[in-house]
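# Reading the structure
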Amino acid sequence: MEFLVIPQKLRNRCPSTDHESIIVFRLCFCDCDLRRHGSTVHTVTGPHAGRSDDDFGAGLFEDFLRFEKFFIAKLRVGNNYQCGPAVKLAVGHFFFSSFVSRLEIIAWGLIECLRMIQLKSAREIEIMKGASKIVAEILLELREQCREGVTTADLDRIAEELIQKKKARPAFKGYRGFPACVCISINEEVVHGIPSSKRIVQTGDVVGLDFGVIYDGYYGDAAMTVPIGKIRPEVENLLKITEQSLYRGIEQARPGNFISDISAAIQRCAEAHHFGIVREFCGHGIGRSLHEDPPVLNYLQNGKGPKIKAGLVLAIEPMINLGTEKVKILDDGWTVITLDGRPSAHFEHTIAVTPDGPEILTRV
Ligand SMILES: [Co+2]
């Protein structure tokens, strides 16, 4: 088995990246067809933990194959990095023969390639509409079913049946080892809650449903937070404002604007109500991979970010807390909860930027 390990120090040298974990690419070779089946060995921590840099699907490598020459890296895990025979990387046109210093350049180039924003053609957007429609339809059905007494495992099972019926595949199940089709996060759970037959939905809860599918090679991704019966007015307001902030962000997704315009609009909306904006997770490009460039933060950081162009497809997803913006991850390794235990809300749409502005794909 071959691995390409991108070491920590490399990331510090790469101007456009801010990874904080070690990424392992496991490569397999089949007739010049290079695919990645790897996973990350460390979870990303810090301000970009939501980046999920480790889920570049086979699609990206297929794109690579459009270039005439690809690279081959034959490497072992551990400290003895060894570079395979001859290597030519499509971007940068480096030519390598072997050994450690070269590996770093390869890895660097690889990161650059993977982080390119991939604008979609009209044909690709049509396919993504199909994927997104399936997501939207299933989410609506889940919202219907999401009522007192149902377990989160029940909801997941319903989703799985519907996915099969629609001839799609779940996007989250198996993703970095996530065990279910839907992330279900209740009350103080922000995102990535794992469905369980022990978790029963109750009146007064707010239930976050985050769901995605792969259809015809492309991803669709959306989320909503559903109130169960009567909820506290302040929580009702949290839901309303979080959804509103999503739409404020979407409005900014038009050619000529910058990604930071989306971030700023979301932030303005949420902070006008003194809510806490979760920093650790963010929206993202989407296409043949679930998480593509660019990241779409829900708050302003530094710089304007990339300019928005027609063909950009984004999943925009504010995660807003009633209280503190601070969160932590439970021992299950997935569930993110607010540090103060107060409720959180999450709304997400997959949108395509057209010459005339944003088009929401995950809306039926
Ligand atoms: Co998403």
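Cut-offs used in this document
- Within each chain, residue numbers correspond to sequence positions counted from 1 in written order.
- Confidence filtering applies because this is a predicted model: local features only for residues at pLDDT of at least 70, side-chain atom pairs given and counted only at 80 or more, and all residues used for totals across whole chains, interfaces and linings.
- Pairing between strands requires that DSSP locate at least two bridges from one strand to the other.
- Numbering of helices and strands starts at the N terminus; helices are DSSP runs of H or I of at least 4 residues and strands are runs of E of at least 2.
- Helix axes are fitted to C-alpha atoms over the stretch in contact, other axes to C-alpha atoms as well, and angles between N-to-C directions run from 0 to 180 degrees.
- Expected helix span is taken as 1.5 Å per residue step, with the number of steps being one fewer than the number of residues.
- To assign burial, the other C-beta atoms lying within 10 Å of each residue's own C-beta are counted, with C-beta atoms placed from the backbone; 20 or more indicates buried, 12 or fewer indicates exposed, and intermediate counts indicate partly exposed.
- Note that contacts rest on C-beta atoms placed from the backbone: two residues are in contact if these are within 7 Å.
- Each residue carries a pLDDT score, the predictor's confidence in it, ranging from 0 to 100.

### Concerning the sheet that holds strand E16 (residues 327-329)
Read from one edge to the other, the open sheet built from three strands follows the order E8-E17-E16, with strand pairing classed as antiparallel. Only two strands of the sheet have a single partner each, and these edge strands are strand E8 (189-191) and E16. If you compare each strand with its neighbour and ignore which way they point, the axes differ by 40° on average.

### Brief notes about helix H4 (residues 122-145)
For H4, with 24 residues, the first-to-last C-alpha span of 35 Å sits near the 34 Å given by 1.5 Å per residue. Along H4, the positions that sit buried rather than exposed are Ile125, Met128, Ala131, Ser132, Ile134, Val135, Ala136, Ile138, Leu139 and Leu142. Each element contacted by the buried residues of H4 is listed here: helix H5 (152-165), strand E7 (182-186), strand E9 (206-215), strand E10 (218-227), strand E14 (313-316) and strand E19 (349-354).

### Regarding the sheet that holds strand E11 (residues 276-277)
One open sheet accounts for three strands, arranged E11-E15-E18; its pairing is antiparallel. Only two strands of the sheet have a single neighbouring strand rather than two, namely E11 and strand E18 (344-346). Where strand E15 (residues 319-321) lies against E18, three bridges are found, and the strand directions are antiparallel. What sits directly across from Asn321, in E18, is Ser344.

### Quick word on the confidence of the model for the chain
Per-residue confidence for the chain gives a mean pLDDT of 76; residues scoring 70 or more make up 68%. For residues 1-104, every residue scores under 50 in pLDDT, and the model assigns this stretch 157 contacts once sequence neighbours within four places are set aside.

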